[in-house]
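Spelled out, the chains give:
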Amino acid sequence: MKVYMPGREWPEHYRVVLDELAKITDPVTGGDILDSGVIAGLEVGEDTLKVWLNFESHAEYNLTGASAIAYSKIIGDIIERFALVKFQNVYVYDLKNNPVGVFENKKGYTIEDISQEKV
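Remember, predicted model here, so these are calculated numbers, not experimental data. (Residues numbered from 1 in each chain as written. Predicted model: local features only at pLDDT ≥ 70, side-chain atom pairs only at ≥ 80, totals over all residues. Heavy atoms only, no water.)

**Student:** Before we go on, may I ask you to explain the environment of V85 in this structure?
**Tutor:** Tracing the sequence through the fold places V85 in the loop between α3 (66-82) and β4 (89-93). Residue V85 is classed as partly exposed on the basis of its relative accessible area of 48%. Counting along the chain gives 26 residues from V85 to I111, while the straight-line C-alpha distance between them is 6.1 Å. In this structure, V85 is in contact with E80 and I111, ignoring residues within four places of it in sequence. (Helix = DSSP H or I, 4+ residues; strand = E, 2+ residues; numbered from the N terminus. Buried < 20%, exposed > 50% of the residue type's maximum accessible area, 1.4 Å probe, protein only. Contact = heavy atoms within 4.5 Å.)

**Student:** In this structure, what is going on with the side chain of N105? I would like to understand it.
**Tutor:** Tracing the backbone shows N105 in the segment after β5 (99-104). On the basis of relative accessibility, which here comes to 11%, the residue N105 falls in the buried class. A polar contact of 2.3 Å, which involves the side chain of N105, links it to the side chain of Q88. Ignoring anything within four residues of it in the chain, the contact list for N105 reads L84, Q88 and N89. (Polar contact = N/O pair within 3.5 Å; in protein donor to acceptor, adjacent residues only side chain to side chain.)

**Student:** Please explain the nonpolar core as it appears in this structure.
**Tutor:** Generally speaking, soluble globular proteins have nonpolar side chains that are buried together. Counting residues in each nonpolar core, the largest one holds 28 residues, and the members touching the most others are L21, I39, L42, L53 and I78. Secondary-structure elements contributing two or more residues to this core are α1 (12-21), β2 (39-44), β3 (48-53), α3 and β4. Broken down by element, the residue count for this core peaks at 6 residues, all from α3. Those residues in contact with L42, other than ones at most four positions away along the chain, are M1, K2, Y4, W10, Y14, V17, L18, K50, V51 and W52. (Core = buried A, V, L, I, M, F, W, Y, C linked by side-chain atoms within 4.5 Å.)

**Student:** Whenever I open this one, unusual backbone geometry confuses me. Can you help?
**Tutor:** Glycine aside, residues mostly have negative phi angles, and peptide bonds mostly take the trans form. Its identity as a non-glycine residue notwithstanding, L84 has a phi of 70°, on the positive side. Along the chain, L84 falls in the loop between α3 and β4. Accessibility expressed as a relative area gives 10% for L84, which makes it buried. Positive phi, normally seen in glycine, also occurs at N97, with a value near 70°. Topologically, N97 is positioned in the loop between β4 and β5.

**Student:** Can you walk me through the pairing of β2 in this structure?
**Tutor:** Looking along a regular strand, one sees the side chains alternate between the two faces of the sheet. Counted residue by residue, β2 has 5 buried out of 6 residues, so it is predominantly covered. Direction of pairing for strand β1 (residues 2-3) relative to β2: antiparallel, over a ladder of 2 bridges. By the bridge assignment for β2, K2 is matched with L42. Here β2 pairs with β3 via 5 bridges, running antiparallel. Looking at β3, one finds that L42 is bridged to V51. From the end of β2 to the start of β3, which pair antiparallel, there are 3 residues. (Pairing = 2+ DSSP bridges.)

Shown next, in the form of structure tokens:
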């Protein structure tokens, strides 16, 4: 995992992911999730994306009310933005390395398999 820091020099394949993450809004602050401090770290592989969010545990996640709803939305937005579109596997973790969002393309679907034209 590479710790996220705003001024850090990032390889190009990380930069593409960071540009997309910057488009996701933090419902609590109204800013993007990078500027609001939600992203703690990330790891970008050829077909796998791993993102660590800046909260500590399932207990905290489940008990903080509005924050839990905000994190749920952020997790969903990350998976929706990257799963199948850019990566076959997307994992979102808390700071204790607990998976809080997982998408694994075990059946080999493509984005065309779920496109709006087929619905």
